[in-house]
Amino acid sequence: MHCPYCRHADSRVIDSRTAEDGASIRRRRQCPSCGRRFTTLETSSLTVVKRSGASEPFSRDKVVAGVRKACQGRPVSDDDLALLAQQVEEAVRASGAAQIDAHEIGLAILGPLRQLDEVAYLRFASVYSSFSSLEDFEAAIATLRAEHTAARAAGEDAEPGAASSATTAPAGTASPTGAETGTGSASLGAAEEPAQAPAH
Ligand SMILES: [Zn+2]
């Protein structure tokens with residue numbers, strides 16, 4: 001690592017510490033030529049392989065750009081998007097792989113985006129998962145409603161969607177107050193009776 005001040009070809013590490021999340025190492029270095037100190041941040045490289053087969057470095061900015069379109073007109077701030085991109089990066093880095101498919105980034109976006117804004121989530125999921133029919137939307141909305149119902153049953157301020165595998169939600173658990181989201185009055189699944197709160 002050359003010195004950023006005098007371009008001397010070498011530097012000496014005087015301190016190393018791992019970041020709290022374990023994903024990077026910060027090194028304090030000193031130039032033996034000019035004596036000045038500087039810091040380097042070391043992270044493993046993370047390569048994204050696109051569907052075309054081309055690869056590029058992981059970029060939080062690209063995550064934000066991809067999600068921003070789905071968030072148009074929604075109450076989602078730039079800070080929210082930056083945090084989401086950070087969560088996505090942490091999730092994909094947590095796999096430990098140096099190379100990941102773009103598809104996996106899409107998957108990693110779905111969870112945090114659902115927490116952030118369900119309408120944006122549905123928009124993103126509809127493009128990302130190539131929804132091809134109204135039934136695809138209905139199934140996704142039914143899943144969200146089932147989670148709302150489960151969250152209400154588990155306590156008023158339970159986090160929706162936390163640690164869920166959404167696609168396994170049982171059919172026919174449409175919210176008993178299903179009109180509240182204003183997304184139309186289509187009946188979702190067989191809502192023959194109000195869902196019962198599980199006893200516990
Ligand atoms: Zn120097």
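Residues numbered from 1 in each chain as written. Predicted model: local features only at pLDDT ≥ 70, side-chain atom pairs only at ≥ 80, totals over all residues. Heavy atoms only, no water.

A look at the coordination of the zinc ion
Right, on to step 1. Distances from the zinc ion to its protein donors, Cys 3 (SG), Cys 6 (SG), Cys 31 (SG) and Cys 34 (SG), fall within 2.3 to 2.4 Å.
Right, on to step 2. One way to put it: the four donor atoms around the zinc ion meet at angles of 106 to 119 degrees, and that makes the site tetrahedral. (Donors = N, O, S within 2.8 Å, 3.2 Å for Na, K, Ca; no water. Tetrahedral: all angles 85-135°; square planar, octahedral: opposite > 155°, others 65-115°.)

Things to note about the sheet that holds strand E6 (residues 99-101)
By way of backbone hydrogen bonds, the strands of a sheet pair with one another, either parallel or antiparallel.
Right, on to step 1. Within the open sheet, the three strands sit side by side as E5-E4-E6. Their pairing is mixed. The open sheet has two free edges, formed respectively by strand E5 (55-57) and E6, since each of these has just one partner strand. Taking each pair of neighbouring strands and ignoring which way they run, the sheet shows an average axis angle of 30 degrees.
Right, on to step 2. Pairing analysis gives three bridges linking strand E4 (residues 47-49) to E6, with the strands arranged parallel. What sits directly across from Val 49, in E6, is Asp 101.
Right, on to step 3. Lying over the sheet, helix H3 (residues 102-116) contacts E4 and E6, oriented at roughly 75 degrees with respect to E6. (Pairing = 2+ DSSP bridges. Helix = DSSP H or I, 4+ residues; strand = E, 2+ residues; numbered from the N terminus. Axes fitted to C-alpha atoms, helices over the stretch in contact; angles between N-to-C directions. Contact = heavy atoms within 4.5 Å.)

Observations regarding the environment of Phe 137
Right, on to step 1. Tracing the chain through its elements places Phe 137 in helix H5 (residues 134-154).
Right, on to step 2. Using a relative accessible area of 32% as the deciding quantity, one classes Phe 137 as partly exposed.
Right, on to step 3. Sequence separation of Phe 137 and Leu 122 is 15 residues, and the distance between their C-alpha atoms is 7.6 Å. (Buried < 20%, exposed > 50% of the residue type's maximum accessible area, 1.4 Å probe, protein only.)

Observations concerning the packing of aromatic side chains
Right, on to step 1. Across all of its chains, the model carries two aromatic pairs by this definition.
Right, on to step 2. Arranged with centres 5.8 Å apart and planes meeting at 10 degrees, the rings of Phe 124 and Tyr 128 form a pair that is stacked. Here the residue Phe 124 and the residue Tyr 128 both occupy positions in helix H4 (residues 118-128), the gap between them amounting to four residues, near one helical turn.
Right, on to step 3. The class for Phe 124 is buried, based on a relative accessible area of 12%. (Phe/Tyr/Trp six-rings, centres within 6.5 Å; stacked < 30°, edge-to-face > 60°.)

Quick notes on the sheet that holds strand E2 (residues 24-30)
Right, on to step 1. Strand order in the open sheet made by the three strands is E1-E2-E3, with antiparallel pairing throughout. Every interior strand has two partners, whereas the edge strands, strand E1 (12-18) and strand E3 (37-43), have only one. Along the sheet, successive strands turn relative to each other by an average axial angle of 25 degrees, direction set aside.

Concerning the pattern of salt bridges
Right, on to step 1. Under the definition given, this model contains nine salt bridges.
Right, on to step 2. In this structure, Glu 89 and Arg 60 form a salt bridge, with 2.5 Å as the shortest nitrogen-oxygen distance. Remark: Arg 60 occurs in helix H1 (residues 60-68) and Glu 89 occurs in helix H2 (residues 78-94); sequence separation between them is 29 residues.
Right, on to step 3. Assessed through its relative accessible area of 36%, Arg 60 is described here as partly exposed.
Right, on to step 4. Linking Glu 147 and Arg 114 is a salt bridge whose minimum nitrogen-to-oxygen distance equals 3.7 Å. Separated by 33 residues along the polypeptide, Glu 147 in helix H5 and Arg 114 in helix H3 bring together distant segments of the chain.
Right, on to step 5. Salt bridges sharing common partners tie together Lys 50, Glu 56 and Lys 62. (Salt bridge = Lys/Arg side-chain N within 4 Å of Asp/Glu carboxyl O.)

Quick word on unusual backbone geometry
Right, on to step 1. In the Ramachandran plot, Arg 7 falls in the positive-phi region, its phi being about 65 degrees despite a non-glycine side chain.
Right, on to step 2. When you line up the elements, Arg 7 lands in the segment before E1.
Right, on to step 3. A positive phi is found at Ser 130, a non-glycine position, where the angle reads about 50 degrees.

With respect to the nonpolar core
Right, on to step 1. Residues Phe 58, Val 63, Val 67, Val 88, Ile 105, Ile 109 and Leu 113 are the most contacted members of the largest nonpolar core, which totals 28 residues.
Right, on to step 2. At the level of elements, H1, H2, H3, H4 and H5 are the ones that each hand at least two residues to this core.
Right, on to step 3. When neighbours within four sequence positions are excluded, Ile 109 is seen to be in contact with Val 63, Val 67, Val 88 and Phe 124. (Core = buried A, V, L, I, M, F, W, Y, C linked by side-chain atoms within 4.5 Å.)

Comments concerning the confidence of the model for the protein
Right, on to step 1. In this model, the protein carries a mean pLDDT of 79, and residues with pLDDT of at least 70 account for 76%.
Right, on to step 2. Across residues 161-197, confidence stays below pLDDT 50; counting only partners more than four residues off in sequence or on other chains, it has 34 contacts. (pLDDT = per-residue confidence, 0-100.)

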